Amino acid sequence: MKELVEVIAKALVDHPDEVTVTETEKENATIVELRVSPTDMGKVIGKQGRIAKAIRSVVKAAASKDDKKVVVEIVQ
């Protein structure tokens, strides 16, 4: 899932070299943290959070194939 989020985020932002994605395993879910440049934060979140919601939907669909729960967090 980490690679999927990274590819999507790098396609959206102006500074793809500043995109970092970390993946943490918890007891019942995988948490994927996405960090981007502060100037690119609006591009990743989108108007009314639509882009962020779309990223989460794509990741959720990909994770459902493996019966996993994945949470995508966009952090500063």
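First, a word on scope: everything that follows refers to the structure included in this document. These figures come from a predicted structure and were not determined experimentally.

## Re the sheet that holds strand β3 (residues 70-75)
Now for step 1: Spatially, three strands are ordered β1-β2-β3 in an open sheet, and the strand pairing comes out mixed. On the outer flanks of this sheet lie β1 (20-25) and β3, each paired with one strand and no other. Across this sheet, the average inter-strand angle for adjacent strands is 20°, counted without regard to direction.
Now for step 2: Summarising the sheet, strand β2 (residues 30-35) and β3 pair through six bridges and their orientation is parallel. Of the residues in β3, the one forming a bridge with Thr 30 is Val 70.

## A short note on the side chain of Ser 37
Now for step 1: Positionally, Ser 37 belongs in the loop between β2 and α2 (41-45).
Now for step 2: Under the relative-accessibility criterion, Ser 37 is labelled buried at 7%.
Now for step 3: In terms of polar contacts, Ser 37 uses its side chain to reach the side chain of Glu 18, at 3.4 Å.
Now for step 4: Side-chain polar atoms of Ser 37 contact the side chain of Thr 39, separated by 3.1 Å.
Now for step 5: The residues touching Ser 37, leaving out its near neighbours within four places in the chain, are His 15 and Glu 18.

## Side note on the environment of Ser 64
Now for step 1: Topologically, Ser 64 is positioned in helix α3 (residues 50-64).
Now for step 2: Side-chain polar atoms of Ser 64 contact the backbone oxygen of Ala 61, separated by 2.7 Å.

Rules used throughout
- Residues numbered from 1 in each chain as written.
- Predicted model: local features only at pLDDT ≥ 70, side-chain atom pairs only at ≥ 80, totals over all residues.
- Heavy atoms only, no water.
- Pairing = 2+ DSSP bridges.
- Helix = DSSP H or I, 4+ residues; strand = E, 2+ residues; numbered from the N terminus.
- Axes fitted to C-alpha atoms, helices over the stretch in contact; angles between N-to-C directions.
- Buried < 20%, exposed > 50% of the residue type's maximum accessible area, 1.4 Å probe, protein only.
- Polar contact = N/O pair within 3.5 Å; in protein donor to acceptor, adjacent residues only side chain to side chain.
- Contact = heavy atoms within 4.5 Å.

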